[in-house]
Structure formats: structure tokens, C-alpha cells
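Take a look at the letters that make up each chain.
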Amino acid sequence: MTTDTRVHQQIFPVGVMLLLALILWYALAVALNAPGTIERVLTPRGAWDAGDLLAATLNAKRPLLPAPHQLVMDIWNSVTGWPVDSPRNLLLHTWVTASAALTGFAMGVLLGVLLAIGIVHSRTLDKALLPWIVASQTIPVLAIAPIVLIILGSLGITGLLPKATIAMYLCFFPVTLATVQGLRSPQKMEMELVHTWAASRIHTFWMVRLPSALPYLFPAFRVAIASGLVGTMVAELPTGAQAGLGARLLTGSYYGNTIQIWSALVMASLLGLALTSLVILAERLIMHNRKEAR
Amino acid sequence: MKTVIPGTLPLLGALLLLMLSLIQLAGQSPVPLAQLGLNLLLILCALSACSAVLSPVRALLFALTLAAGALWQALLPLHGLTLGALALLAVVSVQRLARAPVSASAVAALFGLWMLGFWQMLVSGFDVPQVILPAPLAIVAALVESADLLAGDILQTVIKSALVGYLLGSGLGIAVALMIDRLPFLQRGLLPLANLTSTVPLVGVAPIAVMWFGFDWPSKAAVVVLVTFFPALVSTLAGLKASGKLEQELMYCYAATPRQRLRALRLPVAMPFIFSALKVNATLSLITAIVAEFFGSPTAGLGFRISTESARMHMPVVWSAIVVASVAGSLMYALLVRLDRRVNFWHPTVRGTAAEK
């Protein structure tokens, strides 16, 4: 696809949609904030016209819906106006959440791959464990978050690890299922070929099963890291954590500070995008190298 | 051909542990007869399993002695060696059942039963504080005791927030997908953005929803609508594009109108995609409804119950709320799987599983 058609096919429609969303957001901000600002700001001031209303609704201190430029300003101020280790800097909170999510992701991937290896190689585990893993997907894992936090807390484990554990819970399901599928994906011909070479199970695993499982792994990683981020943020809610994007959401909702909630939400979305693109980047690099090796 | 007894190592280990335990028990001054009897029973059980292929009599003996041993152990004080042997025998039993010509769900059920049994025995044997892990029986007791409370919670969370939000969100997603089906410009603009939302923690809008829609269930339903909308939209759009070229050309030959094409070809082809989104959304909606309640809710709801009772350290109630939530989630999922089979009976995956049975 040439650049020209690409602009025409993708970037232009997406841009139009984004612009529409932005306009809709501004319109909504004016409409939603109007009653409150008229009552609190404009009526005490006396006479006012449409221009005043527009200016007041878009710059309200505690708006029902903050305007986009308010969010950008808020995030910009907190990122540049305070040192990185200050609790008023959103980057600190983002880093706290990101580190827990990444740790949990690593643990979840490890657990998921190990479980999958066991399931692929043992018929007992396949029959006894796999149904439970599938069934446990229907269990609201996030609901267990407060319990896990209490259990680990009473064992003296606090800080990053409990959050990472919950992220791990969410991460390992997709990884296990995809890895099982991937490790079983080699065709019968390939398996029989290495069998004729008297390859041991370990050899078969490294030479045949794992390489053919890789394409299955990365989509699962993408799902896993996104749900791991949600898990981490939820885990920050009941602990009364001081730092982290989830904690910012909670304190924002306690004090009715809408701008804080929305900026935390925007940062969480950006973090989600960043983590996912990290996985996609790793996928591109590894799959590219594989293609060249062939 | 080699005949290897399946589970040789666990069996040998169990026998060894039982011997050691016999020696240890016989050395105690008032010989504990009940423990000795249990040990002998388990030895009989292990010996009955020492064969590559179990005859029906042997299998029955193995199962009966093992079940009796497990029950007996539950009544006696915990003895480490005996318990270890029981665990190894349990492993053997699951292994044996996995080789027998029974359905996989039976094996999984046995495994789950053993897990519950050992959970109960270990928790009551070691006096684990209820805060850390309540025993299964305590959870069942709490479930019965607070049944009224939990029924109200189910009404609040599952029926009102999750179900309403699920139906609205999935329905809207499918409807919007059908609407923009013939507007490629909107599709090209919306699809990348809708895909991006899967990386965004949408549950985070819960505090904002509380601000807009109040503390009661509409705010939770609103979050559920938002969370379930995008998977339904993306999957439906993908499904509508999934029909093969050959079939489309056939439709063209019949001079089918776009509406006829949609009804006769593209919608049926899209159904498996729509159902996979519906299945994902079923569990997603319940999780979202529960988590959204963490940000403030009326004094009912599973999420409210979980967060308040865990703050008050009433862990059995918390666990029973989780059991209720997971049963509700599984029921919803199972219902959808059934519906999926009925609607998409022609799909290879469904036919494949039907042929296996």
C-alpha cells in the first residue's frame, strides 16, 4: 500500500472521527456543565451572555465533564511543575502502576507457559486441570482482589507484590490457553519427522513445539498486558494505596475532583497504549528475525 | 510391549510413607488404633492399584478404600505421613481416571473434589485463621446463613447492573455495526479506535459514572454498557466481512438485494463471531459490575458485599459472595454456549465437538 492510499484509506477517516469526537466532547462539556455554572458562577455575577457561559463552562473548577484542554493543562502542569518523585506528579503514579503491571505480566507469562507445558505433556493434567482453567475464566477474578490483598498483607507482603499477584491472575489465563494451542499446533508430519530422528521430548519442545507456538503467544500477550493493567488498577482501590493511577481515581472520586479522575483515566489509557505497543514491537522484532533466519 | 504401572512413583511413595507412618505409630505408647486402622486401609488401597490395567473388582476396591480413607482421615487428627500418602493416592486416582474411558469433565470433577477435600483437611488441621483462608464448609455455612442478603446482592448486581448493561451494550454494539455496515468511511474511522479501547482500562470510568448517574445500579449498568459495546461492535464488523467470495458471488447471481444478502448469507456467517463476543461480554459484564461497585454503591450488591465484609474481616461471607458471583458467571456462560450450539450448529467447531460425543 502506498503512502497516498494509506492516508486516504486509514488516517483520514480516523482523523475525521477523532475530530468529531473532540467536537462532541466540547459540546457535551458545555451542555453538562451549563446548569451548575449558571447557578454557581454566572448568576451571582449578574448579567451574562452566551460568550460568558461558554468561557465559564469550559473553565469550571469542578466540572461535571472537564473540557479536553483542561485535562491537557492538568497533566502538563503535574508532569512539568513538580519533581518526578513528588506525589503530585502523575508520572510517579503512572510508574507505580506500570511497574506492578509489568511484574505481574512477567509472573503471569511464566506461570501460564509453565502450566501449558505441563498440560501439553501430561494427559492427567490435560484432563484434570485444563477444564478448571477454562471454567475459572468465568469467575470474576477481580472480585478476589480484596481477599488476595488481605491474605498477602497478613503474611507481611505489601507494596508491589500483591498488586502484581492480581495482575498475574488476570494475565495467565490467555497465555495458558494460547500456549497450549500453540504447542499443539505442529502438524503430524513434523512431529513424526523429529520422532524418526529419535528426538527427545526436550529436543522436540525446543526445536518444533516452541517455535510453532510463538505466533500464538503474542496475541495472548497483548490481551494479557491490557487485562493486567486493569487488574493492577483495581488492586490499588481497596488497599488505600497512596500512589498509583487506581489510587488517584479513588481519591479523585472521594473529593469530587473530576479533573483528577479524568487525567488519571487519560494517563491509564496512554499507559495501556504504551504497554500494548511495547508487546507489538517485541512481536515485530522477534517474528521478523525468525523470518530472516529461515 | 512394556507394561508400566501408571503412577509408579506416587504409588511407591505412598507405600513408603504408609510404612514409615506405621512404624512411627506403633512406637507411640498408647497405640492409636484408629490411625493404625486408617494406615492399613490405605495400604490395602495402594496395593489394589498396583496393576497396569485395573480389573473392575480392583478398581472398585481402590475407589471404595480411598473414599473411606479420605472420610476417615477427615474425622481423625492430622498425621503428616498419612496425609502425604493420601495425597499421593489421590494423584494416582486422578491419573487412573484420566486413562479410563470416561469424559474429561469426570476427571476434572474428581480433581476439584480432591482439591476441596484437602483444602478442608489442611485448613481445619492446621487451624489456619479464617482471615487468611476459611474452610470450604465454613464458606458453605456462611452461604446458607446469609442467603437472604446474597439474594438481594444478586438482584442488585447480576440482574440489574450486569444484565441490563450487558443487553444494552451488546445490543447497541451489534446494532451500530449493522448500521455502519454499508458506510465504509465510518467503518474505517471507527474500527481502529474501537480496537484501541481494548487496551484502555474502561472500568476506570466507574467513579465518573457514579457522578453522572448516581450511586444506584444505573451508574454500574452505564459502565457495563461502555465496556461491552466495543467487543460486540468489533466482532460483529469482523463477522460481517467473513463470508466467502464464492457465496457472495452466488448471491450476486441471484440478484439478491443487500438486505437479502445480509439476512441469507452475511448475518448467519457473522453469528459465530457475534457469539464469541457475547460470551466474552458475559463474564466481562459481571466483573465490571462488581468492580464498579468498589467506587461507591447502595448497601447491596456483590461488589459492595465483598469490599465491606473484607474490610470487616468476615472472610467466609466474602468467599460466599465470590462463589455466588462465579456461579452466576458460569451459568451465564453455559447458557450462551448452549445457545451458540443451537444457532451455529453448522459451524465446524460445533460439529467437531458433536462428533466426538
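Residues numbered from 1 in each chain as written. Chains lettered and ligands numbered in written order. Predicted model: local features only at pLDDT ≥ 70, side-chain atom pairs only at ≥ 80, totals over all residues.

A. Broad picture of the overall build of chain B. Within chain B one finds 15 helices and zero strands. Here chain B has a C-alpha radius of gyration of 28 Å; the compact-globule value for 357 residues is 21 Å, and the former is much larger. In chain B, the share of contacts with a sequence separation of at least 24, taken over all contacts with a separation of at least 6, comes to 74%. (Helix = DSSP H or I, 4+ residues; strand = E, 2+ residues; numbered from the N terminus. Rg over C-alpha atoms; globule rule 2.2 N^0.38 Å. Contact = placed C-beta atoms within 7 Å.)

B. Quick peek at the domain arrangement of chain A. Here chain A is partitioned into domain 1 (3–65) and domain 2 (90–293). Computed over C-alpha atoms, the centres of domain 1 of chain A and domain 2 of chain A are 38 Å apart. (Domains from an automatic or database assignment.)

C. Examining the packing of helix α9 (residues 206–213) of chain B against helix α10 (residues 217–240) of chain B more closely. All names here are of chain B. For the pair α9 and α10, the least separation of the axes is 8 Å and the interaxial angle reads 135°. By the angle between their axes, α9 is oblique relative to α10. For the pair α9 and α10, the sense of crossing is right-handed. The segment α9 lies against α10, with Ala206, Ala209, Val210 and Phe213 engaging Pro218, Ser219, Ala222 and Val223. By residue class, the composition of the contact of α9 with α10 is seven nonpolar, one polar and no charged. (Axes fitted to C-alpha atoms, helices over the stretch in contact; angles between N-to-C directions. Parallel < 35°, antiparallel > 145°, perpendicular 65-115°, else oblique. Left-handed = near helix turned anticlockwise from the far one by under 90°. Nonpolar A, V, L, I, M, F, W, Y, C, P; charged D, E, K, R; others polar.)

D. Representation of the domain arrangement of chain B. Here the domain parsing of chain B yields domain 1 (8–127) and domain 2 (143–356). Taken over C-alpha atoms, the centre of domain 1 of chain B sits 44 Å from the centre of domain 2 of chain B.

E. Structural detail: the interface of chain A and chain B. Between chain A and chain B, the residue contacts involve 45 residues of the former and 50 residues of the latter. In terms of residue count, the dominant contributor to the side of chain A that touches chain B is helix α12 (residues 258–293) of chain A (eight residues).

F. Spotlight on the confidence of the model for chain A. Confidence along chain A averages 80 in pLDDT terms, with 90% of residues attaining 70 or more. Element-level pLDDT for chain A is lowest in helix α2 (residues 50–58) of chain A, with a mean of 74, against a maximum mean of 89 in helix α4 (residues 90–121) of chain A. (pLDDT = per-residue confidence, 0-100.)

G. Up close: the nonpolar core. Judged by nonpolar contacts, the single largest core of 123 residues is most densely connected at Ala167(A), Cys171(A), Ala224(A), Val203(B), Ala206(B), Val223(B) and Ala321(B). Beyond its immediate stretch of four places on either side in the chain, Cys171(A) contacts Gly104(A), Phe105(A), Gly108(A), Val109(A), Gly112(A), Ala224(A), Ser227(A) and Gly228(A). Core analysis: the next-biggest nonpolar cluster, separate from the first, contains 28 residues, Leu18(B), Phe62(B), Ala70(B) and Trp114(B) among them. (Core = buried A, V, L, I, M, F, W, Y, C linked by C-beta atoms within 7 Å. Buried ≥ 20, exposed ≤ 12 C-beta atoms within 10 Å, placed from the backbone.)

H. Looking closely at the confidence of the model for chain B. Residue-level pLDDT values for chain B average 82, and 96% of them are 70 or greater. Reported confidences for the modelled complex are a pTM of 0.78 and an ipTM of 0.76.

I. Geometry of helix α3 (residues 56–75) of chain B. In this model, α3(B) (20 residues) spans 29 Å end to end at C-alpha, consistent with the 28 Å of a helix rising 1.5 Å per residue. Where α3(B) is buried, its residues touch α2 (33–48), α4 (80–99) and α5 (104–125) of chain B. (Expected span 1.5 Å × (residues − 1).)

J. Main features of the environment of Ala145(A). Residue and element names in this part refer to chain A. Looking at the secondary structure, you find Ala145 in helix α7 (residues 145–154). Under the C-beta neighbour-count criterion, Ala145 is labelled buried, with 31 such atoms within 10 Å. For the pair Ala145 and Ala235, spaced 90 residues apart in sequence, the C-alpha to C-alpha distance is 5.9 Å.

K. Examining the environment of Gln28(B) more closely. Along the chain, Gln28(B) turns up in the loop between α1 (8–27) and α2. When the 10 C-beta atoms within 10 Å are taken as the criterion, Gln28(B) is described as exposed.

L. Unusual backbone geometry, seen in detail. Even without a glycine there, the phi angle at Ala198(A) is positive, about 60°. The topology assignment puts Ala198(A) in the loop between α9 (188–196) and α10 (201–235). Of the residues examined, Ala198(A) has 7 C-beta atoms within 10 Å and is grouped as exposed. The phi angle at Ala255(B) is positive, at roughly 55°, despite the residue not being glycine. As for its placement among the helices and strands, Ala255(B) is situated in the loop between α11 (245–253) and α12 (258–293).

M. Up close: the packing of α1(B) against α4(B). Residue and element names in this part refer to chain B. Remark: α1 packs on α4, axes separated minimally by 8 Å, with the N-to-C direction vectors making an angle of 160°. As judged from the angle between their axes, α1 and α4 are roughly antiparallel. In the packing of α1 onto α4, the handedness of the crossing is left-handed. For the pair α1 and α4, contact is made by Pro10, Leu11, Gly13, Ala14, Leu17, Leu18, Leu20, Ser21 and Gln24 and by Leu81, Thr82, Gly84, Ala85, Leu88, Leu89, Val91 and Val92, respectively. Of the residues belonging to the contact of α1 with α4, the class tally is twelve nonpolar, five polar and no charged.

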